[in-house]
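Fold and geometry: a report
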Amino acid sequence: MASMRDIKRRIKSVGSTQQITKAMNLVASSKLARAKTRFSETKPFFRYTRRAIAQIVNGSSGASHPYLQSREVKKVCVMVITGDRGLCGGYNTNVCKAALNAAPDTDVTFVTIGGKGRDYLRHRNKDIAKSYRGISEKPNYDDARLIGEKVLKMYDEGEVDEIYLAYTEFVSTISNEPKVIKLMPLNADEFTDVKTEDKDLTLTIYEPGEEEVLDYIIPKYVNTILYGAMVESAACELSSRMTAMDSATENASEMIDDLNLLYNRVRQGAITQEITEIVGGSNALQG
Amino acid sequence: MAENKIALKVITPNREMFSGKADMVILRTTSGDVGILHGHQPMVTVLDYGVMRIQNEGEEDKTAAVFGGFAQIGENGIIVLTDIAEWADEIDLSRAEEARKRAEERLSKKSADIDVLRAELALKRALVRIGLKE
């Protein structure tokens, strides 16, 4: 049986762990509040860009722009958005798993945003073309633009034939879901969830020209989607960390209760034993 | 008589900057200024760095600096999607002047082709801001 001193030490160490998890929970929830406002601020931009692109893609069915045409797939690029840090439940692992399953039968190269995704894929000996750290928690549009441009360049130069993006969708504060979307090439059927105007769009004028407009807008679209996904993932990371730390704190107090019970039992046992010894000793003297 | 106004939304990654109606909206596209009225044909156009002007009769024009992006004109009016946009009263003139000086210096040196493009863009941005202020 563990000695009293050992148990006392355990209680203390679990207690200090609990303090840490509690603090992390509080930090995560205050950061989450901020991340959620950011998320709701970027949402309109995200939504309207998607809608505009949907209309353009549907309206210009005749365009033979390289961004709109599928080609033979030899290599695929999968971008993964994870956090830089752990202790956030299954958040990082879930999105990494989704990324691995994005294109199981083809040659894949990964672009990771967030240290955890890089570690995960490197551990499994995957090909990583680029990895970024230190931007997951506070994404800004410029980072998204730089990454978007790099990835699109890979596509332009024929290094990869398709681009996927794996990120985490924010369902609510207590639930989120990993999601994989196809970024390139663009297909009209990617946008079936977007409502477009019924009016005949073939009459749309493109200024200066259809080709130029697509050249300009599609890279922009990629950046926007990437930025939106980064902001959304950041909110997810914080919400999963908050939930994970909340249950850790709860588990710690349960553990402390159990240990306290054990401690008292052991202490009682020791006292009983001492009394028995004293009684036994005095009996022997008298006898 | 039906209201002859066009709906306009201006959206940047960080905020929904404007949502309302206007008699006419003037945008700086890559092929020049265009004024858009109610009932315009569907159009998608790429925007240049420049001033956007929102006109309403009986009101003072609202002006904003818009840096790139694109505008989509459809049944629901105009949607301007841009990376950066600032209202005239949000612009800090002295900062813009400084930025202009910095960019001009950098361009005049032309030492090792360090981001000539970036300096040019910075200069363009500064000039738009200053132009709007004056």
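Given the structure is predicted, the values throughout are model-derived calculations rather than measurements.

This part is about the pairing of strand β4 (residues 32–37) of chain B. Regular strands place their side chains on alternate faces of the sheet. All names here are of chain B. With 6 bridges connecting them, strand β3 (residues 24–29) and β4 associate as antiparallel partners. Note that in β4 the partner of R28 across the bridge is D33. Where β3 hands over to β4, the hairpin turn is made up of 2 residues, counted between the paired strands.

Now for the domain arrangement of chain B. Residue and element names in this part refer to chain B. Per the domain assignment, the segments of chain B are domain 1 (6–87) and domain 2 (91–133). One C-alpha centre belongs to domain 1, the other to domain 2, and the line joining them spans 24 Å. Every contact between the two is made by 10 residues of domain 1 and, on the other side, 7 residues of domain 2. Taken together, both faces of the contact between domain 1 and domain 2 bury some 790 Å²; the carbon and sulfur share is 69%. Together, Y49, F67 and E86 form the three largest contributors to the area buried by domain 1 at its contact with domain 2, with a combined 55%. The tally of links from domain 1 across to domain 2 stands at 2 salt bridges. Of the charged contacts, one joins K124 and D48 as a salt bridge, the two residues approaching to 3.3 Å between their closest N and O atoms. Our count for the contact surface shared by domain 1 and domain 2 stands at 2 residue pairs in polar contact (both at pLDDT 80 or more). Among the residues making up the side of domain 1 that touches domain 2, the classes are represented as 6 nonpolar, 2 polar and 2 charged.

Okay, the packing of aromatic side chains next. Per the counting criterion, the structure on display carries 6 aromatic pairs over all chains. Both rings, one in Y141(A) and one in Y227(A), keep their centres 5.4 Å apart while their planes meet at 85°; by these two values the pair is edge-to-face. Of this pair, Y141(A) sits in helix α4 (residues 141–156) while Y227(A) sits in helix α5 (residues 210–286), and the two are 86 residues apart along the sequence. In terms of burial, Y141(A) and Y227(A) fall into one category: buried. Consider the rings of Y49(B) and F67(B), whose centres lie 5.5 Å apart with planes at 85°: the pair is edge-to-face. Placement of Y49(B) in strand β6 (residues 49–55) and of F67(B) in strand β7 (residues 62–67) is noted, with a sequence separation of 18 residues between them. For Y49(B), a relative accessible area of 17% gives the class buried. Residue classification places F67(B) among the buried residues on the basis of a relative accessible area of 3%. Three or more aromatic residues joined by ring pairs make a cluster, and in this case those are F45(A), Y141(A) and Y227(A).

The rules we used
- Sequence positions are assigned chain by chain, starting from 1 and proceeding in written order.
- Starting at A for chains and at 1 for ligands, labels are handed out in the order in which the entities are written.
- Whole-chain, interface and lining totals are the exception, using all residues; otherwise, since this is a predicted model, local features are given only for residues with pLDDT of at least 70 and side-chain atom pairs are given and counted only at 80 or more.
- For side-chain calculations, the full set of non-hydrogen atoms in the structure is used, while hydrogens and water are omitted.
- Following DSSP output, two strands are said to pair if at least two bridges run between them.
- Where helices and strands are cited, they refer to DSSP runs of H or I of at least four residues and of E of at least two residues respectively, numbered from the N terminus.
- Each domain's limits were defined by an automated method or a database of domain assignments.
- In this analysis, two residues are considered to be in contact whenever any of their non-hydrogen atoms come within 4.5 Å of each other.
- For any pair of parts, buried area is found by adding up, for both, the accessible area (1.4 Å probe) each one loses once the two are put together.
- What counts as a salt bridge is simple: a side-chain nitrogen of Lys or Arg found within 4 Å of a carboxyl oxygen of Asp or Glu.
- As used in this structure description, the phrase polar contact means that two N or O atoms lie within 3.5 Å; if the pair is within protein, one of them must be able to donate a hydrogen and the other to accept it, and residues adjacent in sequence are counted only when both atoms belong to side chains.
- Only Asp, Glu, Lys and Arg are considered charged, only Ala, Val, Leu, Ile, Met, Phe, Trp, Tyr, Cys and Pro nonpolar, and every remaining residue, Gly among them, polar.
- Note on aromatic pairs: the rings of Phe, Tyr and Trp (six-membered ring only in Trp) are paired at centre separations within 6.5 Å, and the planes decide the class, stacked below 30 degrees, edge-to-face beyond 60, tilted for the rest.
- Only protein chains enter the accessibility calculation, which uses a 1.4 Å probe; a residue is then buried when its area is under 20% of its type maximum, exposed when over 50%, and partly exposed in between.

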